[in-house]
Amino acid sequence: MSWEAVTALKQQIPLHEYLQAQHWKPVRHMAGGKLLGLCPLHRDRQPSFLVDPAKSLFYCYGCGRGGDVIRFVELYHGVKFSQAMALLRASFSGGCLFHDITTFYQIQLQRHPEAIRYLQQRGIYESHVIEDLDVGYAPGNCLHPWLLTLGYSLPDLQRIGVVNHQGRDTFSRRIIFPLENNLYGRSIGHAAPHRLLPHTKGGLYRWNQVQHCSEIILVEGLFDLASLWQAGFRNVTCSLGIRLNPLQLRQLCDPTARTVYLALDSDDNGSGQAAARQLSDCLCQQGVTAKVVDLPEDHDPNSFFAAGGTADHFRRLLEQAHP
Ligand SMILES: [Zn+2]
């Protein structure tokens, strides 16, 4: 790989922009435009991660590591230089498009009362939660004309899957939650309830924000996660379905000592509980402390809170969780 290609990529993706895309936020503005925040590379209790946006460099006073955006990607994702370059290139080519799509859907949410009503029915009403999760709404058949006016081509849109072969929007009448490299759409009408773009669902939802927590709550769906956030539990991640893919399992089993609370759906036929026990066994074999949270019958965390469950009640369920 040429030195020119490396330099060009670094110019295309400033470190601070990359960190923002990973939801990193500074807690203090320092002299010379530098920013200080919690280190995404180690379990940081006091802000020790210094970023110089002008030079696109970072240094952590806690773990002593520093460098440019490529070095950051190497450390953050645990990959080699060439893989870090490939990850950065992929995030650059798809990143702007995903950002434009997410913004469009967020604007549509405010324009469609039926979408807001649906969220309220599911017990999600706090605007800061809706904003923090970048929740949007896909009315259908208006995304692609707008993206074409922004200069994207139809083949681009079909390649990432937001437009189908007939040239129609893939998502129609769906609440949208953006994932790292995908979108999740929950139907508010009669269509199949869950839909993702035809890519991998990726790793655990916003793993970087919870991976250093000593206790993590794992839920199946994004509405479960939204309800828990709203109730004040922020140490939550989501697997998007009961089956964890190999990347998600690896993330939960990394060498950090932690307790994982499995707050999965409790259905009347017991399949949810059986799946939770199976996952708990699997995690225990890998040396992870896993506990199963017993929700009232026929409830998931979302319906538990929507039906009036309180944070205190949920905290008691966590205390009663068992291996
Ligand atoms: Zn650090």
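What counts as what
Residues numbered from 1 in each chain as written. Predicted model: local features only at pLDDT ≥ 70, side-chain atom pairs only at ≥ 80, totals over all residues. Buried ≥ 20, exposed ≤ 12 C-beta atoms within 10 Å, placed from the backbone. Helix = DSSP H or I, 4+ residues; strand = E, 2+ residues; numbered from the N terminus. Pairing = 2+ DSSP bridges. Axes fitted to C-alpha atoms, helices over the stretch in contact; angles between N-to-C directions. Contact = placed C-beta atoms within 7 Å. Expected span 1.5 Å × (residues − 1). Arc of directions from axis to C-beta. Domains from an automatic or database assignment.

Caption draft 1: Seen up close, the pairing of strand 7 (residues 174-178). With four of five residues buried, strand 7 lies mostly within the body of the structure. The pairing of strand 6 (residues 136-138) with strand 7 spans three bridges and is classified as antiparallel. Across the sheet, Ala 138 pairs through a bridge with Arg 174, a residue of strand 7. The pairing of strand 7 with strand 8 (residues 183-187) spans five bridges and is classified as antiparallel. Looking at strand 8, one finds that Ile 175 is bridged to Arg 186. Counting the residues that bridge the hairpin from strand 7 to strand 8 gives four residues.

Caption draft 2: Representation of the sheet that holds strand 11 (residues 236-238) in the model. Strand order in the open sheet formed by four strands is 11-10-12-13, and the pairing between neighbours is parallel. Edge strands, defined here as strands with exactly one partner in the open sheet, are strand 11 and strand 13 (289-292). Between one strand and the next, the sheet's axes are offset by a mean angle of 30°, whatever the strand orientation. Along the sheet, helix 12 (residues 271-285) makes contact with strand 12 (259-262) and strand 13, crossing strand 13 at roughly 165°.

Caption draft 3: Quick peek at helix 12. In this model, helix 12 (15 residues) spans 21 Å end to end at C-alpha, consistent with the 21 Å of a helix rising 1.5 Å per residue. Those residues of helix 12 not exposed but buried are Gly 272, Ala 276, Leu 279, Ser 280 and Leu 283. The arc enclosing the buried residues of helix 12, seen along the axis, measures out at 105°, which places them on a common side. Structural note: helix 12 exposes Ala 274, Gln 278, Asp 281 and Gln 285 on the side pointing more than 90 degrees away from its buried face.

Caption draft 4: Just the sheet that holds strand 3 (residues 49-52), in detail. Taken together, the five strands give an open sheet; going across it, the order is 1-2-3-4-5, and neighbouring strands pair in antiparallel fashion. Strand pairing shows two members of the sheet lacking a second neighbour, strand 1 (28-29) and strand 5 (66-67), which therefore form its edges. Two elements, strand 4 (residues 57-60) and strand 5, share two bridges in a ladder whose sense is antiparallel. Counted as the bridge partner of Tyr 59 is Gly 66 from strand 5.

Caption draft 5: Representation of the domain arrangement of the protein within the structure. Partitioning the protein into structural domains gives domain 1 (3-78), domain 2 (94-196) and domain 3 (207-319). One C-alpha centre belongs to domain 1, the other to domain 2; they are set 30 Å apart.

Caption draft 6: Expanded view of helix 10 (residues 222-230). Counting buried residues along helix 10, seven of its nine residues qualify, which places the element largely inside the surrounding structure. Of all the residues in helix 10, the buried ones are Leu 222, Phe 223, Asp 224, Leu 225, Ala 226, Ser 227 and Leu 228. Looking at the packing, one finds that the buried side of helix 10 touches helix 6 (127-132), strand 7, strand 8, strand 10 (215-219), strand 11 and helix 13 (301-306). At the C-terminal side of helix 10, Gly 232 shows a positive phi close to 100°.

Caption draft 7: Summary view of the environment of Ala 321. Note on placement: Ala 321 falls in the segment after helix 14 (311-319). Taking the number of C-beta atoms within 10 Å as the measure of exposure, Ala 321 has 18 and is therefore partly exposed. The spatial distance from the C-alpha of Ala 321 to the C-alpha of Glu 17 is 40 Å, given a sequence separation of 304 residues. Residue contacts for Ala 321: discarding those within four places in its chain leaves Tyr 261, Lys 291, Val 292 and Val 293.

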